[in-house]
Amino acid sequence: MLKTRIITALILAPIAIGGIFFLPPLGFALFTGAIITLGAWEWANMSGIESPAGRVGYALATAIILYGLLNVPFVAVLWLSLLWWGVCFLLVRGYPAGSEKWGSLPARAVMGLFVLVPAWVGLNHLRTGGFQFGDSTNNLLLILYVFCVVWVADIGAYFAGRAFGKAKLAPRVSPGKSWAGVWGGLMAVGVFALVVSWLASAGTVQTSLLILASLATGLVSVLGDLLESMLKRHRGIKDSSQLLPGHGGIMDRIDSLTAAIPVFALIITKLGWLTTGHW
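Criteria and thresholds
Residues numbered from 1 in each chain as written. Predicted model: local features only at pLDDT ≥ 70, side-chain atom pairs only at ≥ 80, totals over all residues. Heavy atoms only, no water. UniProt positions renumbered as here; feature names shortened; annotations may be inferred. 1 Å grid on protein atoms, 1.4 Å probe; cavity = no way out; pocket = protein on both sides within 12 Å on 5 of 7 lines; lining within 4 Å. Points joined across faces, edges and corners; volume = space filled by probe spheres on them. Helix = DSSP H or I, 4+ residues; strand = E, 2+ residues; numbered from the N terminus. Nonpolar A, V, L, I, M, F, W, Y, C, P; charged D, E, K, R; others polar. Contact = heavy atoms within 4.5 Å. Buried < 20%, exposed > 50% of the residue type's maximum accessible area, 1.4 Å probe, protein only.

Identification of the protein chain as Phosphatidate cytidylyltransferase from Marinobacter adhaerens is taken from an unreviewed UniProt entry. According to its UniProt record, the protein chain has this under Catalytic activity (unreviewed entry): "a 1,2-diacyl-sn-glycero-3-phosphate + CTP + H(+) = a CDP-1,2-diacyl-sn-glycerol + diphosphate". What the UniProt record of the protein chain gives under Sequence similarities (unreviewed entry) is the line "Belongs to the CDS family."

This is the structure we're talking about:
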């Protein structure tokens, strides 16, 4: 299994790096749209759509929605996403209570759109917007930053959870997660934000705000992970698919990012560091 995971990572890493960091904005939109469409194909299974044709149909419908949003104001979608993740907090906290309200196939299918579509919108807002933080104006570094926030939170949570993880965070959803992991991940994110602010020559106010924005992003990334775990547990499956040998599915790799990206994009937009751009 370890060998399979390494081989898959070595194949996918250059593709992901090239698609995210070396394509023009429209190419970036198409590349990330393809990833989201594959994620939708997996979400169809998590929502209870079992037939191959139904899963493909759901994925194509998602792709059409993405295309229809090309000229829609980004910030409106991001505000909707923030509201959605607030609802998700209540759903995850109450599980399994309340699952009769969202457990039907149509409800879970709609949930997927609220997860996937704003993630794509947020990514493209980060890619095309006018950006300024400290002495940095590089949108690609901005995208890398939000990815790193999620990865740093995950790594910090792993080590803190192993060392101190007795009190479980959401045992009915994801038994492996602990409160110690959450706090450890947030501490790691705070230190990371501080280092990045120093590298960007940011002032005290910007540094403080970036730390707060990053902590909020790291916290909501945990919710993205928990939501997918809840859906998979409700569906009775371990992985979203076997699309990535040794890694499960695409959703298993981007679940935290789907929550972190739109929330982070909205926060830094409201802080004035990111303005709406153009394709």
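**Student:** What is the right way to read the layout of surface pockets from this model?
**Tutor:** Taken as a whole, the second largest pocket encloses approximately 480 Å³ of empty space. Together, 22 residues line the second largest pocket, and Phe 89, Leu 169, Trp 179, Leu 223 and Leu 226 are the ones closest to its centre. Mapped onto the lining of the second largest pocket, the elements with two or more residues apiece are helix H4 (74-94), strand S2 (168-170), helix H8 (179-199) and helix H9 (204-235). Here the residues of the lining of the second largest pocket are counted per class, giving 20 nonpolar, no polar and 2 charged.

**Student:** What's the story with the side chain of Asp 252 in this structure? I'm lost.
**Tutor:** With respect to the secondary-structure elements, Asp 252 resides in helix H10 (residues 250-270). With residues up to four places along the chain from it excluded, the contact list for Asp 252 reads Glu 228, Lys 232, Asp 239, Ser 240, Ser 241 and His 247.

**Student:** Looking at this structure, how should I read unusual backbone geometry?
**Tutor:** Negative phi values dominate among residues other than glycine, just as trans dominates among peptide bonds. That bond from Tyr 95 to Pro 96 is cis: its omega, 10°, falls within 30 degrees of zero. The topology assignment puts Pro 96 in the loop between H4 and helix H5 (99-102). A positive phi angle is found at Ser 201, which is not glycine, with a value near 55°. Turning to its location among the elements, Ser 201 is positioned in the loop between H8 and H9. Residue class for Ser 201 comes out exposed when judged on its relative accessible area of 52%.

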